[in-house]
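Report on the structure
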Amino acid sequence: MTSRPFNRPPWLFAAALLWLAHPSWAQPNQITIPSPSGYATDGQCAGYPRLPLKTPEGWCAGLVADVRDGLRMPRRLLELAPDRFWITDMGSWEPKQGRLLELKTPGQPGEPKRTRVLAKGLDRPHGLIRGPDGRVYVGEAGAIWRTPSTQVEREIVLRDLPDTGAHPLTEMVFAPPGTLLVNVGSATDACRADQQDKPSLPCPEIAGPHPRAAVYQAVFGGSDFKRQSFEPWAFGLRNSLGLAVTADTTNGATRLWQAENSVDYTDEQAPAEELNELTQGTHYGWPYCVSDKKGRSVVARGYKKRTPCGPTEAQPPFQVWPAHVAPLQLLAVPPVRAGETARPWSGRLLAVWHGYRSPGHRIVAWRLDPQGRPTGEREDIVSDWDASPGLRPLGNPAGITVDSQGRLWIVEDRNRTVIVIAPDKPTTSPR
């Protein structure tokens, strides 16, 4: 028969090129073909296939789970006990396709009985946190419910949240003493219909007793920790998928932080994404005002000569971030206690930058000062996540958590992975 040298899977050529380009991988049994999620692996990290990602010195990235474990669109994960995690998996952007999953570690991707479905038919589940009452709170589009961590027993604590429009996902964070901050995202990008030349003024989305584009506060209390109130708390916040609380160690107070996904201009460098320190009753600008890269409030497109954007109209951001980095989560990590080992994320505010443009697809951090404010230069915790054929796909981190061992865990939604950032313990290559 006539040979057909080009009738080979595309990944085979990519793997061969990778073998030549990376001599350290050219050892017996070292190189593996890309996983179903698109990652090639080289050796081990914490017992998992090692991934080609840039991490802090002394740390490495391991592939814990992927589509072989049933992941479809994971958005958050939470450790409930050592080696036991819950994951909210949206399934897709279609309603009622989401699930709550349990993942047990260790083990290799695709091993039987590592994952199981705890609840299905959920409506775009996103937020996942543990409350001060010890129960787990799950945010769906339209509702928040809680359950014991031992088994799923759904108790709805907030219902009738907006579940339509561009930003229906529910993010949440508890702040002492028993207050829950909840994202209610805007229904549109900039308060305009798709073909409308000028956005509405005033914007109807931010009017009335139940505005959108706001962070609401629910107060819980009593012996049964029931909800006692729910009302809008901070305004003009287009989509608050990052919410975090930090401690001011000088006076025992807390600070509340919001990561703002700003308006979707087609410009690569405008408008800036924002980190806002939230205070009750304050307006942060949407849809009338956006921030430039220097942190100044400027009038949003469509509103020029129609509305002002000074300090009295919109609270300036605490920080501005590159345009389109799409912050999807904030996580405040306490500093290490006496006798503990410091980690690259200890005492820091972490942000998940999901965006596909060059500044995005990474996990970043800032040190927290004694007042609980992020300070200093940005630190890249996980980066070099650009797509490289045969090596890795474009990163799309969606959620993070820190486990009881101090390791950082990541879920990617489109790549459908769980990744752990763990201490690197070098292994001897075969000779």
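So, here's what we can say about the structure. Since we're looking at a predicted model, the values are computed, not measured.

Let us look at the sheet that holds strand β8 (residues 128-130). What holds strands together in a sheet is hydrogen bonding between their backbones, with the strands either parallel or antiparallel. Taken in spatial order, the four strands line up as β8-β9-β10-β11 in an open sheet, and their pairing is antiparallel. Every other strand in the sheet has two partners, leaving β8 and β11 (155-158) as the edge strands with one partner each. Put simply, the sheet's adjacent strands are angled 30° from each other on average, direction ignored. The sheet contact formed by β8 and strand β9 (residues 136-140) spans three bridges and is antiparallel. Of the residues in β9, the one forming a bridge with Leu128 is Val138.

Under the counting rule described, the total for this entry stands at 28 salt bridges. A salt bridge links Glu277 to Arg255, with the shortest nitrogen-to-oxygen separation between them at 2.7 Å. Here Glu277, found in strand β18 (residues 273-278), pairs with Arg255, found in strand β17 (residues 254-260); they are 22 residues apart in sequence, far enough to count as distant. For Arg255, a relative accessible area of 13% puts it in the buried group. With a closest N to O distance of 3.0 Å, Asp380 and Arg378 form a salt bridge. On the accessibility criterion, Arg378 (35% relative accessible area) is partly exposed.

Here the focus is the sheet that holds strand β12 (residues 172-175). Read from one edge of the open sheet, four strands run β12-β13-β14-β15, paired in antiparallel fashion. Two strands close off the open sheet at either side, each with one partner strand: β12 and β15 (226-235). Here the strands of the sheet are splayed against their neighbours by 25° on average, with no regard to which way each runs. Relative to β15, strand β14 (residues 214-221) is paired through eight bridges, and the arrangement is antiparallel. Residue pairing for β15: Gln217 is matched across the bridge by Glu231.

The next subject is the state of the cysteines. By definition, a disulfide links two cysteine residues through a covalent bond between their sulfur atoms. Counting across every chain of the model gives three disulfides. Across the disulfide from Cys191 sits Cys203; the S-S distance is 2.1 Å. One disulfide, between Cys191 and Cys203, carries an S-S torsion of 100° and so falls in the right-handed class. Here Cys203 lies in the loop between β13 (179-184) and β14 and Cys191 lies in the loop between β13 and β14, a separation of twelve residues in the sequence. On the basis of relative accessibility, which here comes to 4%, the residue Cys191 falls in the buried class.

Cis peptide bonds are those with omega within 30 degrees of zero, and the linkage from Thr105 to Pro106 qualifies with 0°. Following the sequence through the fold, Pro106 ends up in the loop between β6 (98-104) and β7 (115-122). Look at the link from Trp286 to Pro287: it is a cis peptide, with omega at 0°. Tracing the sequence through the fold places Pro287 in the loop between β18 and β19 (289-291). Positive phi is not limited to glycine here, since Ala46 has a value of about 55°. Among the structural elements, Ala46 can be located in the loop between β1 (44-45) and β2 (48-49). In this structure, Arg124 takes a positive phi of about 45° despite not being glycine. Along the chain, the position of Arg124 falls in the loop between β7 and β8. The class of Arg124 is buried, set by a relative accessible area of 8%.

This next bit is on the nonpolar core. Ranked by internal contacts, the top residues of the largest apolar core, which has 21 residues, are Leu350, Ile363, Leu408, Ile410, Ile419 and Ile421. Only β3 (59-65), β22 (327-333), β23 (348-353), β24 (362-368), β25 (374-382), β27 (408-412) and β28 (417-423) provide two or more residues apiece to this core. Sort the elements by how many residues they give to this core and β3 lands first, with three residues. The residues contacting Ile363, other than those within four sequence positions of it, are Leu350, Ala351, Val352, Glu379, Asp380, Ile381, Val382, Trp385, Pro397, Ile400, Leu408 and Ile410. Counting residues in each nonpolar core, the second largest holds 16 residues, with Cys45, Cys60, Leu101 and Leu103 among its members.

Cut-offs used in this document
Residue numbering note: each chain is counted from 1, following its sequence as written. Totals for whole chains, interfaces and linings use every residue, but because this is a predicted model, local features are given only for residues with pLDDT of at least 70 and side-chain atom pairs only at 80 or more, for both listing and counting. Side-chain numbers here rest on the full set of heavy atoms in the structure, without hydrogens or water. Only strands that DSSP links by at least two bridges are regarded as paired with each other. What counts as a helix is a DSSP run of H or I of at least four residues, what counts as a strand is a run of E of at least two, and both are numbered from the N terminus. Fitted lines through C-alpha atoms give the axes, limited to the stretch in contact for helices. The angle between two N-to-C directions lies from 0 to 180 degrees. By convention in these notes, a salt bridge is any Lys or Arg side-chain nitrogen within 4 Å of a carboxyl oxygen on Asp or Glu. Only protein chains enter the area calculation, which uses a 1.4 Å probe; residues under 20% of their type maximum are buried, those over 50% are exposed, and those in between are partly exposed. Put simply, a disulfide is two cysteine sulfurs that come within 2.5 Å. Side-chain atoms within 4.5 Å link the members of a nonpolar core, which is a set of buried Ala, Val, Leu, Ile, Met, Phe, Trp, Tyr and Cys residues. Working rule for contacts: check all heavy atoms of both residues, and any pair within 4.5 Å makes them a contact.

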